[in-house]
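Structural description and commentary
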Amino acid sequence: MRQSVIIFDGECNLCNGVVGWLLKFAPKDIFEFVAFQSPKGQRLLQEHHFPTTVLTTVILIDENGAHTHSDGFLEIVSKIPKWRLVAALLAYIPRIIRATIYNLASRNRVRWFGKSKTC
């Protein structure tokens, strides 16, 4: 199985916290983490037709394509065996509610959690 790639904002403290959580709970061989600010992140964003100047969502790229926003986050969580049931239960929350919560957190993540000076 090929690794799924997670593109994240390497300067966002919330994003870095989520990556740390994933490193703790996800099997070591299922994700490759790529900061959008890195050369590889920029290349992947271009290849998948995403903006390269700002990242407003975590992006999962796997064998089924690119997944973003709350759907992408659920897809990431569903790939972790111990969290698969949680992802399945969260998927029952209507997308409009999930999207609203995700977008609110995405817009305010730097204000709420801060930004690091380095990636």
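All of the points below concern the structure found in this document. (Residues numbered from 1 in each chain as written. Predicted model: local features only at pLDDT ≥ 70, side-chain atom pairs only at ≥ 80, totals over all residues. Heavy atoms only, no water.)

A word on the nonpolar core
Residues I6, L22, A26, I30, F31, V58, L60, I76, I80 and Y102 constitute the largest nonpolar core, which totals ten residues. Look past the residues within four positions of I76 in its chain and what remains in contact with it is I6, L22, F31, V58 and L60. Of all hydrophobic cores here, the second largest spans nine residues; its members include V34, L45, L55 and I61. (Core = buried A, V, L, I, M, F, W, Y, C linked by side-chain atoms within 4.5 Å. Buried < 20%, exposed > 50% of the residue type's maximum accessible area, 1.4 Å probe, protein only. Contact = heavy atoms within 4.5 Å.)

Quick word on the packing of aromatic side chains
Within the structure shown, the criterion is met by four aromatic pairs. Ring centres of W21 and F25 lie 5.3 Å apart, and the angle between their planes is 45°; on these two criteria the pair is classed as tilted. Pair noted here: W21 and F25 are both in helix α1 (residues 13–25), with a separation of four residues, about one helical turn. For the ring pair W21 and W83, a centre distance of 4.9 Å and an interplane angle of 75° mean the geometry is edge-to-face. A residue pair is termed long-range when its members are at least 10 positions apart, and W21 in helix α1 and W83 in the loop between α3 (69–78) and α4 (84–90) qualify at 62 residues. For W83, a relative accessible area of 26% corresponds to the partly exposed category. (Phe/Tyr/Trp six-rings, centres within 6.5 Å; stacked < 30°, edge-to-face > 60°. Helix = DSSP H or I, 4+ residues; strand = E, 2+ residues; numbered from the N terminus.)

So, a nonpolar patch on the surface
Where nonpolar side chains cluster on the molecular surface, the patch consists of V86, L90, I93, I96, I97 and I101 and spans about 510 Å² of accessible area. Those elements giving two or more residues to the nonpolar patch turn out to be α4 and α5 (95–113). A residue is classified by how much of its surface remains accessible, and V86, at 34% relative accessible area, is partly exposed. (Patch = residues over 30% accessible without salt bridge, like charges linked within 9 Å, V, L, I, M, F, W, Y side chains within 5 Å. Areas by Shrake-Rupley, 256 points an atom, 1.4 Å probe, with all protein chains shown as cover. Salt bridge = Lys/Arg side-chain N within 4 Å of Asp/Glu carboxyl O.)

Section: the packing of α3 against α5
Running from amino to carboxyl end, α3 crosses α5 at an angle of 95°, the nearest separation of the two axes being 8 Å. It follows that α3 is roughly perpendicular to α5 by the angle criterion. The residues of α5 that touch α3, namely those facing H69, S70, D71, F73 and L74, are R95, R98, A99, Y102 and N103. Class assignment for the residues of the contact of α3 with α5 results in four nonpolar, three polar and three charged. (Axes fitted to C-alpha atoms, helices over the stretch in contact; angles between N-to-C directions. Parallel < 35°, antiparallel > 145°, perpendicular 65-115°, else oblique. Nonpolar A, V, L, I, M, F, W, Y, C, P; charged D, E, K, R; others polar.)

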